Structures are given as C-alpha cells and as structure tokens.
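Okay, here's what each chain looks like letter by letter:
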Amino acid sequence: MIEIIIGTSRPGAYSRKVGTMVFEIYKALGIEVGLIDLKDVPLEAFSGDSINARPLPIQSFADRILKADGVHFVTPEYNGGVPGVLKFFIDLLPFPEAFQNRCFAITSVSAGMWAGIRAAGHLEDVVTYKEGIIFNQKVMIGGVVSLFDEKDNFTGEKEKERLEKQIKGFGEFVKKIRSI
Ligand SMILES: Cc1cc2nc3c(=O)[nH]c(=O)nc-3n(C[C@H](O)[C@H](O)[C@H](O)COP(=O)(O)O)c2cc1C
C-alpha cells in the first residue's frame, strides 16, 4: 500500500493536480494507493500545542502512514524548500515508527525552470535524517502551469512518461524492500 501526500494546502495548487494524476497512474498499474491532501488536515493541527498532544491531532493520517509500505510525496517548492505545512506535518509524525523501514518517493512541482529541485533535495534530507528509505528516482516537474490545458488536461507527455516510470519502479522497490 502506497500513500501519496500532497505537500500543500493551497487552493488550486498545481501539485494537487499532479498528485491526482499520480494517484490515477498507481490505480491503473493495479497498485493499492491512498491520497492524503494537506488541505484536509484540520487547521488546529498546525498549532504548536500539537507537538506534545496525544493522540496526535493528525492521528488518523499518521495511522494511514503507519499502515503504508511506501509514501509518495508530491510537493511544490515554496521559497526554496518544502511548504511549511508539509514540514510541520512531518514534524508531527511518530518517530521512528513512521520512517524506519518505510520507503519514500519524491515528486516536486514548480512553475519555474528549476522544477522544485531545492524542495526535492530538502525533503530527501529530512526523510534520510529520519531514517526513511529513499527511492532515488525522483521526478521534478518544471513549468507546470503550461502543462495543463484550459480544460485542466495534462499535456506533458514526457513528464507523464517519467512519472509512470517512477511509479512502476517505486512499486517494485517497495515490494522488494518490504519483503526482506
Ligand atoms: C509561497 C510560495 C512560494 C513559492 N516559492 C517558489 C520557489 O521557491 N521556487 C519555485 O520554483 N516556485 C515557487 N513558487 C511558485 C510555485 O512553483 C507555483 O505556485 C507552482 O504552481 C507549484 O505550486 P502549487 O502546487 O502551489 O501550485 C512559490 C509559490 C508560493 C505560493
């Protein structure tokens, strides 16, 4: 089971559109998948009090991650890193249970030409620090605004191919790692 995490709560985020497409690719490949969208996390969860609260205000989301074999982040880059909501969400997850022996894939999304490379690197550092197992084949999507037509259809054929390859590879990676 793979859980996708959309790394922003911004209404109309392109990352959500890409994440929804990622979800559909998993389903088409017959891989069991769920989608956690940070816009669905209650606002009060992002209070400083949440860090010490038990159960966690994000307990239902944390439980889904604890049950998942792999987590696939689809995140935009905000100010050279991951959005604050994503970092805070990660900060709330139980350590080491949510990270150790769990596989993580990263897709970054950006309007600019650098394709969110800083966010992808930032996230990789955080997950590695938390002892998660990174799937090295990252996909970074730049110029995202021009990859959707006026009916919101994705037109980036090359990017879609890269996503399909990443998702197939991650599915196989997760199977191997979790069966050791
Ligand atoms: C607060 C904020 C900060 C941003 N910082 C960056 C950045 O550092 N690098 C970048 O390439 N794009 C940046 N962007 C633009 C995003 O690449 C753009 O919004 C893109 O559509 C992906 O974000 P979205 O999923 O919110 O749509 C930023 C956008 C916001 C709202």
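Everything below is about the structure shown above.
1. Let's talk about the site of the ligand
Then step 1. Residues in close proximity to the ligand total 18 residues, the closest being Ala13, Ser15, Pro76, Ser110 and Gly112.
Then step 2. Residues of the shell around the ligand, tallied by class, amount to 9 nonpolar, 7 polar and 2 charged.

2. With respect to the nonpolar core
Then step 1. Ile4, Val22, Phe73, Val74, Phe104, Leu123 and Ile141 are the most contacted members of the largest nonpolar core, which has 41 residues in total.
Then step 2. If near-sequence neighbours (up to four positions away) are discounted, leucine 123 is found in contact with Phe73, Thr75, Val82 and Ile106.

3. A look at the environment of threonine 107
Then step 1. When you line up the elements, threonine 107 lands in strand β4 (residues 103-109).
Then step 2. The sequence separation of threonine 107 and isoleucine 141 amounts to 34 residues, and the corresponding C-alpha distance is 7.5 Å.
Then step 3. Leaving out residues up to four positions away in the same chain, threonine 107 has contacts with Val18, Val22, His72, Phe73, Val74, Val139, Ile141 and Leu163.

4. Describing the environment of phenylalanine 73
Then step 1. Structurally, phenylalanine 73 can be placed in strand β3 (residues 70-76).
Then step 2. A residue is classified by how many C-beta atoms lie within 10 Å of it, and phenylalanine 73, with 26 of them, is buried.
Then step 3. Beyond its immediate sequence surroundings of up to four residues, phenylalanine 73 is in contact with Ile5, Gly7, Phe104, Ile106, Thr107 and Leu123.

The rules behind each value
Residues numbered from 1 in each chain as written. Predicted model: local features only at pLDDT ≥ 70, side-chain atom pairs only at ≥ 80, totals over all residues. Near = placed C-beta within 6 Å. Nonpolar A, V, L, I, M, F, W, Y, C, P; charged D, E, K, R; others polar. Core = buried A, V, L, I, M, F, W, Y, C linked by C-beta atoms within 7 Å. Buried ≥ 20, exposed ≤ 12 C-beta atoms within 10 Å, placed from the backbone. Contact = placed C-beta atoms within 7 Å. Helix = DSSP H or I, 4+ residues; strand = E, 2+ residues; numbered from the N terminus.

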